[in-house]
Amino acid sequence: MVEQGFAAPEVCKIVQITYRQLDYWARTELVTPSIRDASGSGTQRLYSFQDLVTLKVIKNLLDTGVSLQRVRNAVEHLRDMDRPLAGVTLMSDGTGVYEAHSPEAVVDLLQSGQGVFAIAIDRVWSDVEKAVPKPKAAKTAKPSTGRRRAAGSA
């Protein structure tokens, strides 16, 4: 089965980022397209669903004030993980990015007095799934519903 690829305009719409952001992140290798990278004038990058999830996580972290350098570190950490991302929850206090291993870890972070938000990647995954347009079904010929009338008959 061939994985569905997403071109830049569709990626920008789904993830809600600008083309300029997407292009910069690809050129600086924050997120490179998994399916096909641009290889000269006229070719377009194709991103995988996993790439869309990573891009949405990046956008969420940046929207909360995390610096791009810290986002890069978080993305590297996610790439190095040996388990599926869908079960991961990231948290940030606007400066650092943390991975929650259990509900107790969240409580400890909150008790330190610093406000923390969480990004549950499985929720981001679901949001991206909902935002991805469904493939259009192939058109099939309509079955005939009646007999043809002869010309001139009533």
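Structure's up top.
This report concerns the structure included in the present document. (Residues numbered from 1 in each chain as written. Predicted model: local features only at pLDDT ≥ 70, side-chain atom pairs only at ≥ 80, totals over all residues. Heavy atoms only, no water.)

On to the packing of aromatic side chains, then. For the structure on display, the rule yields 1 aromatic pair. For the ring pair Phe49 and Trp125, a centre distance of 4.9 Å and an interplane angle of 65° mean the geometry is edge-to-face. On the criterion of sequence distance, the pair formed by Phe49 in helix H3 (residues 49–63) and Trp125 in helix H6 (residues 121–131) is long-range, its members being 76 residues apart. Look at Phe49 and you get buried, because its relative accessible area is 16%. Here Trp125 falls in the partly exposed class, since its relative accessible area comes to 23%. (Phe/Tyr/Trp six-rings, centres within 6.5 Å; stacked < 30°, edge-to-face > 60°. Helix = DSSP H or I, 4+ residues; strand = E, 2+ residues; numbered from the N terminus. Buried < 20%, exposed > 50% of the residue type's maximum accessible area, 1.4 Å probe, protein only.)

On to unusual backbone geometry, then. Here Gln16, not a glycine, exhibits a phi torsion of approximately 65°, which is positive. Within the element layout of this structure, Gln16 appears in the loop between helix H1 (8–15) and helix H2 (19–27). For Gln16, a relative accessible area of 53% corresponds to the exposed category. A positive phi angle, close to 60°, is found at Glu29, a residue other than glycine. Structurally, Glu29 is set in the loop between H2 and strand E2 (46–47).

Every α-helix winds through 3.6 residues per turn, so residues three or four apart in the chain are directed the same way. For H2, every residue scored as buried is listed here: Leu22, Asp23, Trp25 and Ala26. With its buried residues spanning 165° around the axis, H2 presents them on a single face. Set apart from the buried face of H2 by more than 90 degrees, the exposed residues are Arg20 and Arg27. On its buried face, H2 is in contact with H1, E2, H3 and helix H4 (68–80). (Arc of directions from axis to C-beta. Contact = heavy atoms within 4.5 Å.)

Treat this as a map of the structure, not an account of what it does.
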